[in-house]
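Each chain is listed here by its residues.
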Amino acid sequence: MILIAKCKGSPPVSGHTKAKLTINSFEKGGDGGGPSECDNQYHSDDTPLVALSTGWFNNKQRCLNYITLHGNGNSVKAKVVDECDSTMGCDADHDYQPPCPNNIVDASKAVWKALGVPESDWGGLDIYWSDA
C-alpha cells in the first residue's frame, strides 16, 4: 500500500519566504477568472497586485495588505487582492485552471515589469517575498 501525503498548507512565512512567481490577470475577462477574493472587484493589471496560495492567503488575513517581492535583482511592493486557490480549480470561478501549488505568488504584469523581467520570460520565476 502506498500512502500519499496531501498537503494543503503553504511553507511558513519568514522575512525571506521562497516562492514561485507566476503571471495572472486581475482584469474582467482576464485569465484570473472571477473578481478578486478580497474585495469582489476586478483590478488593472498595470497596478502591482498579487494572489497568494491558499496557506499564505491565510483566510483573507493578508487581504489588501502589501508584500515585498524580491527577484531578478530588483524588488517591488504589491497589494494582495486574491487567493490562488490550492484546494479547488477546474471550474468557471478559476478560469478552468487546476488548483494552485502551495508556493505561488500569482502576479499582475506590473509586478513583472517592476522586477525588470523581459516579457518573453514572464511565467515562472523563483523569488523571495515578505510582508511589507
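So, how was this worked out
- Residues numbered from 1 in each chain as written.
- Predicted model: local features only at pLDDT ≥ 70, side-chain atom pairs only at ≥ 80, totals over all residues.
- Heavy atoms only, no water.
- Phe/Tyr/Trp six-rings, centres within 6.5 Å; stacked < 30°, edge-to-face > 60°.
- Helix = DSSP H or I, 4+ residues; strand = E, 2+ residues; numbered from the N terminus.
- Buried < 20%, exposed > 50% of the residue type's maximum accessible area, 1.4 Å probe, protein only.
- Polar contact = N/O pair within 3.5 Å; in protein donor to acceptor, adjacent residues only side chain to side chain.
- Pairing = 2+ DSSP bridges.
- Axes fitted to C-alpha atoms, helices over the stretch in contact; angles between N-to-C directions.

K.L.:
Even after reading the chapter, I still don't get the packing of aromatic side chains, so can you show me in this structure?
P.N.:
The way to describe two aromatic rings as a pair is by their centre distance and the angle between their planes. Throughout the structure, instances matching the rule amount to two aromatic pairs. Here the aromatic rings of tryptophan 56 and tryptophan 129 are separated by 5.3 Å at their centres, their planes lie at 70°, and the arrangement is edge-to-face. Within this pair, whereas tryptophan 56 is found in helix 1 (residues 54-57), its partner tryptophan 129 is found in strand 6 (residues 125-131), the two being separated by 73 residues in sequence. Using a relative accessible area of 1% as the deciding quantity, one classes tryptophan 56 as buried. The interplanar angle of 40° and the centroid separation of 6.5 Å between the aromatic rings of tryptophan 112 and tryptophan 122 together place this pair among those described as tilted. A residue pair is termed long-range when its members are at least 10 positions apart, and tryptophan 112 in helix 2 (residues 109-114) and tryptophan 122 in the loop between helix 2 and strand 6 qualify at 10 residues.

K.L.:
What's the story with the side chain of serine 53 in this structure? I'm lost.
P.N.:
Its place among the elements puts serine 53 in strand 2 (residues 49-53). Take serine 53: its relative accessible area is 0%, and that puts it in the buried class. Here the side chain of serine 53 touches proline 101 through a polar contact of 2.8 Å, landing on its backbone oxygen.

K.L.:
Could you clarify how one ought to interpret the sheet that holds strand 6 in this entry?
P.N.:
Strands in a sheet are paired, the pairing made by backbone hydrogen bonds, and the direction either parallel or antiparallel. The strand order around the closed barrel formed by six strands is 1-5-2-4-3-6, and the pairing between neighbours is mixed. Strand-to-strand, the axes of this sheet are offset by a mean angle of 45°, without reference to chain direction. Here five bridges tie strand 2 to strand 4 (residues 74-84), and the two strands are oriented parallel to one another. Bridging across to strand 4, leucine 49 finds its partner in lysine 79.

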